[in-house]
Amino acid sequence: MYLNQFKEENVQKAIYNVCIYCAMANNKIVEEEKKLLKDFCNELGIAYYEEPTCDFDSSISVIADKCSASDKKKILMELLSVMLADGECDEREWE
């Protein structure tokens, strides 16, 4: 929904990596999450991949350094959609 607004490649990949980490938070990626991740890749204009390409902290650092407060809110909405894609958001995902 908002991801097409991010044009810088390292920001796009950082956002997508965090999305993967959110999907993997409860140690399983279900089909609904995979479909949403694929949709995110299409919106970002990047190739789909299932394993993060860098660690969580590095991805968060890129977002923190390169994105405005408004951008971060948009990213948070997308992350929530990943965690809720399977119809539930368990304790591990909230952490």
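Computed from a predicted structure; not experimentally measured.

**Let's talk about the packing of aromatic side chains**
One pass over the full model with this rule turns up 2 aromatic pairs. Pairing Y21 with F56 gives two aromatic rings, centres 5.6 Å apart and planes at 90 degrees, and the pair type is edge-to-face. Taken as a pair, Y21 in helix α1 (residues 9–23) and F56 in helix α3 (residues 56–66) lie far apart in primary sequence, 35 residues in all. Y21 gets classed as partly exposed once you look at its relative accessible area, which sits at 25%. Using a relative accessible area of 37% as the deciding quantity, one classes F56 as partly exposed.

**Considering the pattern of salt bridges**
Here the structure, examined in full by the defined rule, presents 4 salt bridges. Close ionic contact of K13 with E9 constitutes a salt bridge, the shortest N to O distance being 3.2 Å. Of the two residues, K13 and E9 both sit in helix α1, 4 residues apart, roughly one turn of that helix. Note on K13: relative accessible area 33%, which makes it partly exposed. Residue classification places E9 among the partly exposed positions, given a relative accessible area of 48%. Across the pair K35 and D39 runs a salt bridge whose closest N-O atoms are separated by 3.0 Å.

The rules behind the values
Residue positions are given per chain, counting from 1 as you read along its sequence in written order. Since the coordinates come from a predicted model, pLDDT governs what is reported: local features require at least 70, and pairs of side-chain atoms require 80 or more to be given and counted, while whole-chain, interface and lining totals use all residues. To obtain the side-chain values, all non-hydrogen atoms of the structure were used and water was disregarded. Pairing of aromatic rings covers Phe, Tyr and the six-membered ring of Trp, with a centre-to-centre limit of 6.5 Å; geometry is then stacked below 30 degrees between planes, edge-to-face above 60, and tilted otherwise. Secondary structure elements are defined from DSSP: runs of H or I of at least 4 residues count as helices, runs of E of at least 2 residues count as strands, and each element is numbered from the N terminus. Burial status follows relative accessibility: with a 1.4 Å probe on protein chains alone, a residue under 20% of its type maximum counts as buried, one over 50% as exposed, and anything between as partly exposed. The salt bridge definition used is simple: a Lys or Arg side-chain nitrogen within 4 Å of an Asp or Glu carboxyl oxygen.

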